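What the coordinates show
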Amino acid sequence: MTLLKIEDLNKSFKALHILKGVNIEVNKGERHVIIGPNGAGKTTLFNCIYGTLPLSSGKVYLAGKRIDHIPSFKRTEKGMGRTFQKNNLFEELTVEENVRLAIMGKKKYRLNMFKPMQNYNDLAEECHRLLEEWEMTERRTVLVKELSYGEQRLLEIILSLSTNPEIILLDEPTSGMSPTETSRFVKLIKKIPDHITLVIIEHDMEVVFSLANKITVLHHGTAMMTASPEEIRGNQMIQEIYFGGGALSHD
Ligand SMILES: Nc1ncnc2c1ncn2[C@@H]1O[C@H](COP(=O)(O)OP(=O)(O)OP(=O)(O)O)[C@@H](O)[C@H]1O
């Protein structure tokens, strides 16, 4: 079943035509990775899918319904989560406080200013469950600014999961991570339940081939090819254009 459909999407910044008639279909449960060189338009594509940027033309459907005319927060309510290339966290708050705020945002809690936050039991339970599941319980009282870079990226994913999304857009989740952080991170991504669909922008080919079951190659703003990892790896044209004929291998 197609969960996310991008139809003839165009995006220009004044005279610069960045995305040129992009068509992509993402099936429910897919780990769909978008690759392409710097400047190909990958982040711009995410911004258009999530509503951070308006489209110049085209359509975006989620579960068969058009979402391209509604603001980002409504897309979140409809089941779309997102992480950003740059941190989108409250650095002066603790891990736990960040998670609670994200859950509250989704559930639209009515706060009573005389009731301490820890007295919202279901909120505390949900927060505890998420931190346990993602092995961050021990770090719950640490200020975000004191977390390692990898932990901050992981926290962003925990926050996106806190809204019970059907689909999450992950923008270069491993960029800036050490090899150890990257491999821990890949293991954790693999723990995300299959019913949650993932669309991932990624540069690290080892990560791409260890996560993807579908890959789209974005080339000068065009979705040049969408195929299985095996087909992408075996495609001579893609090898030559993107990797100078070097092997597209992760081993
Ligand atoms: N707000 C903007 N105004 C003008 N040009 C922009 C804007 N945002 C992006 N661009 C241009 O659009 C092109 C695509 O940028 P984008 O960030 O989407 O590429 P990318 O594939 O994500 O690259 P990278 O892998 O380096 O993150 C670039 O040439 C960039 O300079």
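The name an unreviewed UniProt entry assigns to the protein is ABC transporter ATP-binding protein, from the organism Cytobacillus kochii.

Taken as a whole, this structure holds 12 salt bridges when the rule is applied. Note that Asp-171 is salt-bridged to Arg-82, the shortest N-O span being 3.8 Å. You can see Asp-171 sitting in strand β7 (residues 167–171) and its partner Arg-82 sitting in strand β6 (residues 80–82), a full 89 residues away along the chain. As far as burial versus exposure is concerned, Asp-171 and Arg-82 are alike and both buried. Between Glu-151 and Arg-139 there is a salt bridge whose closest N-O contact spans 2.8 Å. With Glu-151 in helix α5 (residues 149–161) and Arg-139 in the loop between α4 (121–133) and α5, the pair connects residues that are 12 residues apart, well separated along the chain. Classification of Arg-139 by relative accessible area gives partly exposed; the value is 28%. Through salt bridges with shared partners, one network takes in Glu-126, Arg-129 and Glu-133.

Attention shifts here to the sheet that holds strand β4 (residues 57–62). Read across the open sheet, the four strands follow the order β2-β1-β4-β5; overall the sheet is antiparallel. Sheet topology places β2 (16–27) and β5 (65–66) at the edges, where each strand pairs with a single neighbour. In this sheet, β5 lies alongside β4 in antiparallel orientation, the contact comprising two bridges. The residue bridging Leu-62 from the neighbouring strand is Lys-65, located in β5. Packed onto the sheet, helix α1 (residues 42–50) meets β1 (2–13), β2 and β4 and runs at close to 115 degrees relative to β1.

With that out of the way, let us pick up α1. Helical periodicity: at 3.6 residues per turn, an α-helix aligns residues three or four positions apart in one direction. Burial analysis of α1 places eight of its nine residues in the buried class, the great majority of the element. For α1, every residue scored as buried is listed here: Lys-42, Thr-44, Leu-45, Phe-46, Asn-47, Cys-48, Ile-49 and Tyr-50.

Spatially, the six strands line up as an open sheet ordered β6-β7-β8-β3-β9-β10, and their pairing is mixed. At either end of the open sheet lies a strand with only one pairing partner, and these are β6 and β10 (222–227). Averaged over neighbouring strand pairs, the angle between their axes works out to 20 degrees when direction is ignored. Here three bridges tie β6 to β7, and the two strands are oriented parallel to one another. Paired with Gly-81 across the strands is Ile-168, a residue of β7.

Each value, and the rule that gives it
- Residues numbered from 1 in each chain as written.
- Predicted model: local features only at pLDDT ≥ 70, side-chain atom pairs only at ≥ 80, totals over all residues.
- Heavy atoms only, no water.
- Salt bridge = Lys/Arg side-chain N within 4 Å of Asp/Glu carboxyl O.
- Helix = DSSP H or I, 4+ residues; strand = E, 2+ residues; numbered from the N terminus.
- Buried < 20%, exposed > 50% of the residue type's maximum accessible area, 1.4 Å probe, protein only.
- Pairing = 2+ DSSP bridges.
- Contact = heavy atoms within 4.5 Å.
- Axes fitted to C-alpha atoms, helices over the stretch in contact; angles between N-to-C directions.

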